[in-house]
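Observations on chain architecture
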Amino acid sequence: MKLSVFGTGYVGLVSGACFAELGHEVICVDIDEEKIEGLRNGVMPIYEDGLKEIVDRNYANGNLKFTTLPAEGVTESDIIFIAVGTPSDNEGGADLSAVEAVVESIAENINDYKIVVDKSTVPVGTGDWVEEMIEEQKEADYEFDVVSCPEFLREGTAVDDTMNPDRVVIGTESEKAAEVMDELHQDFEAPILHTDRYSAEIIKYAANAFLATKISFINEIANICERTGGNVQEVAKGIGSDHRISDKFLRAGVGFGGACFPKDTKAIVSTAAEHGYDFKIVDSTVEVNEAQKKTLVNKLRQEMSDLEDKKIAVLGLSFKPNTDDMREAPSRTVVKQLLDDGAEVKAYDPVAMEEAEKIFGDSIEYSEDAYDAIDDTEAVILVTEWDEFQNLDLDRVKELLNNSLFIDGRNCYEPEKMKEQGFTYYSVGRKA
Ligand code: UGA
């Protein structure tokens, strides 16, 4: 089949590459010339396991093309995926200006029956809006259908998630479009769920909001454990072995970050409000998460009443391991709190250092590795659970730290052992 994918971010590039790998002819369109030129030369704008191999192979065999010309993407494909970004706008809703630009190109260049597929995360009702815009603006009288087919891939495992999805959601009332979409997805070993377009749009937000709520829930249980006794990891295991609950997404920590959960939780609350509904649970999920991001420095403040001029090591800056993405990363809150208290921050992340410099500039010190960050500091705060931070040489850490204070935001170590090692150790939801 002939497809085009507008937007070469995580969702667009990975989806386009994976469809090409399955034998379809795919044109990836992006207005960023540098990005497109890079892709043609094997330079990936993001790091994802296995992505470069798939892109290079399919670019070489002609299944995958890259262009900056929207007209080419529209005229030379039967199915057009919209996979551009939908960042938060000032009111917490979704900014659809990039989607609008793609829709204008489709209307301008439509040259046959097209299926326009929304893969970007867009508020319920966007499909109607897209349909109306194309209808009003189209320059030639061809038929088209607008389908919602949300994406559920995670950063870090994007190729594997795309190739092996838990389910494919196809939201459309058009039988013709549904048949084509079924055929396009026939190679995936996943159940296909057919819904109306509104439901498909809501499914994406509801899935992310539910997962985010699971995290805030377990983080609150952790906060209770800290006050009552009990171990949140045991509690998570105990409740997670009930299949109805499941043990996934029950890792207590320093709160969720990234490009999706923070944005999508706020957006669904905002959509609900626009329709006169107060979405209390998800509103609280966001509020709990904001507070959770502050708990590590609060623990530090309990031990050290004054942080002025104190050097503190921060390990892990990306919002989760195996990515350099720092969008809404909890580390940003942690660093801000420390700087506000007058502390000096020494930070290290295995891949996000460049990203961090863009954000923090010269307000913090950038270290060579974990030990360099810890050297001559009063306390270490572990924010992101990179493998290398889970296997630190604790004797060395102890030696380098001036004060044996270790605050573990991801429960990477065992409280008993840390105590034996002589650390003053704080973790999440477990009494030291
Ligand atoms: C998330 C969803 O998992 C994907 O299904 C979805 O497609 C994607 O958003 C999206 O909407 O594009 P992602 O943001 O890449 O994917 O990352 P996750 O692995 O889900 O982690 C999100 C955050 O939750 C991270 O900060 C992570 O540290 C935190 N988390 C996750 C926890 O604190 N505890 C857990 O048990 C799980």
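Residues numbered from 1 in each chain as written. Predicted model: local features only at pLDDT ≥ 70, side-chain atom pairs only at ≥ 80, totals over all residues.

A residue-level look at the protein chain finds 100% of positions with pLDDT of 70 or above and a mean pLDDT of 96. If you check the scores for this complex, the pTM reads 0.94 and the ipTM reads 0.98. (pLDDT = per-residue confidence, 0-100.)

In this section: the pairing of strand E7 (residues 168-171). Two strands pair when backbone bridges link them, and E7 and strand E8 (residues 192-195) are joined in this way by 4 bridges, in the parallel orientation. Bridging from a neighbouring strand, valine 169 pairs with leucine 193 of E8. Once the chain exits E7 it traverses helix H8 (residues 175-184) before rejoining the sheet at E8, and the crossover so formed is right-handed. (Pairing = 2+ DSSP bridges. Helix = DSSP H or I, 4+ residues; strand = E, 2+ residues; numbered from the N terminus. Right-handed = clockwise from strand over helix to strand, strands pointing away.)

For the rest of this paragraph, the subject is the domain arrangement of the protein chain. With domains assigned, the protein chain is organised as domain 1 (2-195), domain 2 (204-291) and domain 3 (294-426). Taken together, the contact between domain 1 and domain 2 spans 12 residues of the former and 10 residues of the latter. (Domains from an automatic or database assignment. Contact = placed C-beta atoms within 7 Å.)

Another point: the UniProt feature "binding site: substrate" (unreviewed entry) in the protein chain. Feature annotation in UniProt places "binding site: substrate" (unreviewed entry) on Phe152, Leu153, Arg154, Glu155, Lys204, Phe249, Leu250, Arg251, Ala252, Gly253, Gly257 and Lys320, given in this structure's numbering. With a sequence span of 169 residues, these residues are also far apart in the fold, their greatest C-alpha distance being 24.0 Å. Residue position: phenylalanine 249 is located in the loop between helix H10 (232-240) and helix H11 (261-274). Secondary-structure assignment places alanine 252 in the loop between H10 and H11. Residue class for alanine 252 comes out buried when judged on the 27 C-beta atoms lying within 10 Å of it. Non-local contacts of alanine 252, meaning those with residues more than four positions away in its chain, are made with Ile218, Asn219, Ala222, Val232, Asn411, Val428 and Gly429. (UniProt positions renumbered as here; feature names shortened; annotations may be inferred. Buried ≥ 20, exposed ≤ 12 C-beta atoms within 10 Å, placed from the backbone.)

The strand order across the open sheet built from 6 strands is E11-E10-E9-E12-E13-E14, with neighbouring strands paired in parallel fashion. Looking along the sheet, the strands with just one partner apiece sit at the ends: strand E11 (365-366) and strand E14 (424-426). Helix H13 (residues 295-303) rests against strand E12 (379-382), strand E13 (405-408) and E14 of the sheet, and its axis sits at about 160° to E13. (Axes fitted to C-alpha atoms, helices over the stretch in contact; angles between N-to-C directions.)

Moving on to the pairing of strand E10 (residues 344-348). Each regular strand carries side chains that alternate between the two faces of the sheet. Of all 5 residues in E10, 4 are buried; the element is thus mostly enclosed. Bridge count for strand E9 (residues 311-315) against E10 is 5 bridges, and the pairing is parallel. Directly across from alanine 313, in E10, lies its bridge partner lysine 346. Each parallel crossover has a hand, and for E9 linked through helix H14 (residues 330-340) to E10 it is right-handed. The pairing of E10 with E11 spans 2 bridges and is classified as parallel. Across the sheet, the residue bridging to alanine 347 is tyrosine 366, located in E11. The handedness of the E10 to E11 crossover, carried by helix H15 (residues 353-360), is right-handed.

Judged by nonpolar contacts, the single largest core of 79 residues is most densely connected at Val14 and Val116. The element that contributes the greatest number of residues to this core is helix H9 (residues 197-228), accounting for 9 residues. Here this core gathers at least three residues from each of two domains, domain 1 (2-195) and domain 2 (204-291). Look past the residues within four positions of valine 116 in its chain and what remains in contact with it is Ile80, Ile82, Ile106, Val130, Ile134, Phe144 and Val146. In terms of nonpolar packing, the next biggest core, distinct from the first, is built from 42 residues, Val335, Ala373, Phe389 and Phe423 among them. (Core = buried A, V, L, I, M, F, W, Y, C linked by C-beta atoms within 7 Å.)

Moving on, we get to the site of the ligand. For the ligand, the set of nearby residues contains 20 residues, the closest of which are Glu155, Arg251, Phe256, Gly258 and Cys260. Here the element with the most residues in the shell around the ligand is H9; it accounts for 3 residues. Here the residues of the shell around the ligand sort into 10 nonpolar, 5 polar and 5 charged. (Near = placed C-beta within 6 Å. Nonpolar A, V, L, I, M, F, W, Y, C, P; charged D, E, K, R; others polar.)

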